[in-house]
Amino acid sequence: SAAAYSKALKLRSDPSLDQTHPIAITLLKSLAESYTAGQNYTSALKCLEMLAFQVDGKKLELAELFAKISSVYCSMEKLDTAMRFAILAVEKTTRDDSVDDLTNSLGKASAMEQVGNVYKAQIKLLDAIEWYKKAFSLRISVLSEGDPLVTHSAIQIANVHRLRG
């Protein structure tokens, strides 16, 4: 894992390489996920920070990045910081003309879902349900009822209702 991180750093600092090289970006995303799963949150945040330079100006990619950072802070139980990044993710999902309506809607729904995740971690279950419902409504408006993302949203709502008792 340290070797992969080192390779990502070298790729990023190589002046002959396009800074937005898809391999570097994919590697950093995978590393961030691996570090988060392994509870190495500091390294995960470093990878996500490096990614921030790659997505500069791309609203939806920046929103996705903020949602991932929020998720890492959620795992660290730093819920106020997690919420700040989750809200930033929602704010960054304002209309991005460089992508189609479906992509815009799904990006916004994912950001809303992350706000719900933070509320769930804070045990603010009614707020979590509210944000999960927003994500569900947006997804069902652009996808078919049987789509896995729509099903995922419905399951999240049901799970939080179950937690409420």
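Chains are numbered independently. Their residues run from 1 in the order of the written sequence. Owing to the predicted nature of the model, reporting of local features is limited to residues with pLDDT of at least 70; listing and counting of side-chain atom pairs is limited to 80 or more, with chain, interface and lining totals taken over all residues. Only hydrogens and water are removed before side-chain values are computed, so all heavy atoms of the structure are retained for them.

Undergrad: Which residues make up the nonpolar core, and what are the values?
TA: Put simply, a nonpolar core is a bunch of buried Ala, Val, Leu, Ile, Met, Phe, Trp, Tyr and Cys residues held in one set by side-chain atoms that sit within 4.5 Å of each other. For every residue, the accessible area (1.4 Å probe, protein chains only) is compared with the maximum for its type, and the residue is labelled buried under 20%, exposed over 50%, or partly exposed between those bounds. Grouped together as the largest cluster of nonpolar side chains are 41 residues, with contacts concentrated most on Leu48, Leu65, Ile69 and Val115. Counting only elements with at least two residues in this core, the list comes to helix 2 (22–37), helix 3 (41–54), helix 4 (59–75), helix 5 (79–91), helix 6 (101–121), helix 7 (125–142) and helix 8 (148–164). Only heavy atoms enter the contact rule, under which two residues are in contact if any of them lie within 4.5 Å. Residue contacts for Val115: discarding those within four places in its chain leaves Met83, Ala86, Ile87, Val90 and Trp131. For the purposes of this entry, the term helix denotes a DSSP run of H or I that reaches at least four residues, the term strand denotes a run of E that reaches at least two, and both are numbered from the N terminus.

Undergrad: Which residues make up the environment of Ala89, and what are the values?
TA: Position of Ala89 relative to the elements: it lies in helix 5. When the C-alpha atoms of Ala89 and Gln114 are compared, they prove to be 8.5 Å apart, with 25 residues separating the residues in sequence. The contact partners of Ala89, leaving out residues within four places of it in the chain, are Ala63, Phe66, Ala67 and Ala111.

Undergrad: Could you give me a rundown of the confidence of the model for the chain, with the residues and numbers involved?
TA: pLDDT expresses, on a scale from 0 to 100, how confident the predictor is about each individual residue. Averaged over all residues, the pLDDT of the chain is 86; the fraction at 70 or higher stands at 85%. Within the chain, helix 1 (residues 2–13) has the poorest average pLDDT of any element, 62, and helix 7 the best, 96.

Undergrad: Which residues make up the pattern of salt bridges, and what are the values?
TA: Pairing between side chains of opposite charge can happen when their charged atoms approach one another. Salt bridge, as used here, is a side-chain nitrogen of Lys or Arg placed within 4 Å of a carboxyl oxygen of Asp or Glu. Scanning the model with the defined rule gives 5 salt bridges in all. For the salt bridge of Glu64 with Lys29, the shortest nitrogen-to-oxygen distance reads 3.9 Å. With Glu64 in helix 4 and Lys29 in helix 2, the pair connects residues that are 35 residues apart, well separated along the chain. The class for Glu64 is partly exposed, based on a relative accessible area of 36%. The partly exposed category is assigned to Lys29, whose relative accessible area is 28%. For Lys134, the salt bridge is made with Glu130, and the minimal N-O distance between the two is 3.6 Å. Taken together, the positions of Lys134 and Glu130, both in helix 7 and 4 residues apart, correspond to about one turn of that helix.

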